[in-house]
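# A structural walkthrough
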Amino acid sequence: MALIAPPAALAKAAVQRFFTTAPWHIAMERYGWELSMLDELTLIVGLCAPAKGGAAAEKYTLRVTCDYYPAYPPDVRFVNPTTLQYNAEQDVRHLAHLVAPYCYVHARYQGGGDWVDYPYCPQLVCSSLTLGYYASNHSPTEAERWRPSRDTIFSSIQVVHQALHSEYYQGRMG
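Now for a quick tour of the structure. (Residues numbered from 1 in each chain as written. Predicted model: local features only at pLDDT ≥ 70, side-chain atom pairs only at ≥ 80, totals over all residues. Heavy atoms only, no water.)

### Here's the deal with the sheet that holds strand β5 (residues 96–100)
To summarise the sheet geometry, strands pair through backbone hydrogen bonds and adopt either a parallel or an antiparallel arrangement. The antiparallel open sheet is built from four strands, whose spatial order is β7-β6-β5-β8. Single-partner strands in this sheet number two, and they are β7 (124–126) and β8 (169–172). The sheet shows a mean angle of 25° between the axes of neighbouring strands, taken without regard to direction. Of the strand pairs in this sheet, β5 and strand β6 (residues 103–106) are connected by two bridges, and their pairing is antiparallel. Bridge pairing in β6 links alanine 100 to cysteine 103. (Pairing = 2+ DSSP bridges. Helix = DSSP H or I, 4+ residues; strand = E, 2+ residues; numbered from the N terminus. Axes fitted to C-alpha atoms, helices over the stretch in contact; angles between N-to-C directions.)

### Notes on the environment of tyrosine 31
Along the chain, the position of tyrosine 31 falls in helix α2 (residues 24–31). Residue classification places tyrosine 31 among the partly exposed positions, given a relative accessible area of 30%. Separated by 44 residues in sequence, tyrosine 31 and aspartate 75 have C-alpha atoms that sit 21 Å apart. Tyrosine 31 has contacts with Gln158 and His161, leaving out every residue within four places of it along the chain. (Buried < 20%, exposed > 50% of the residue type's maximum accessible area, 1.4 Å probe, protein only. Contact = heavy atoms within 4.5 Å.)

### Structural notes on the environment of valine 76
Along the chain, the position of valine 76 falls in strand β4 (residues 75–78). In this structure valine 76 comes out as buried when scored by relative accessible area, which is 1%. Note: C-alpha distance between valine 76 and leucine 129 (53 residues apart in sequence) is 9.0 Å. With residues up to four places along the chain from it excluded, the contact list for valine 76 reads Leu62, Arg63, Val64, Val125, Thr130, Ser156 and Val160.

Dropping the structure here:
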């Protein structure tokens, strides 16, 4: 399956529609999310994982890129909060170690797929609500499959938040 990006104007309109119709601002308040726009198709989201074993809560930064949105989910990557990028050699400590069956983080995904055309390598946040899942040729069930009529940018952020607040969160990588 080759991923084909929609016209940029369509993706930008869908992102703007998300901001005017989705309850993202309620989740920001409830969960303490920090959200900003890097450009018209890229959001930066700050999330926290709860404190465990007496340690302080962990803060993480996501880069949510909507180039293929709304036909496909946004790409979601953990990034260095200073550079807003992910360098596999230097930035592993900025990744959450998530091993949920619905949201798994690979610091360096080695599987097959359409990586030739996929600009967000090598990190993969593996969930049917993130773009990397489809670019790496995963096969979701009908219930898991991304549906633009049902799923939004909020869905993609929410699945990471859910994993961070579950027994599948194993702390910080590296």
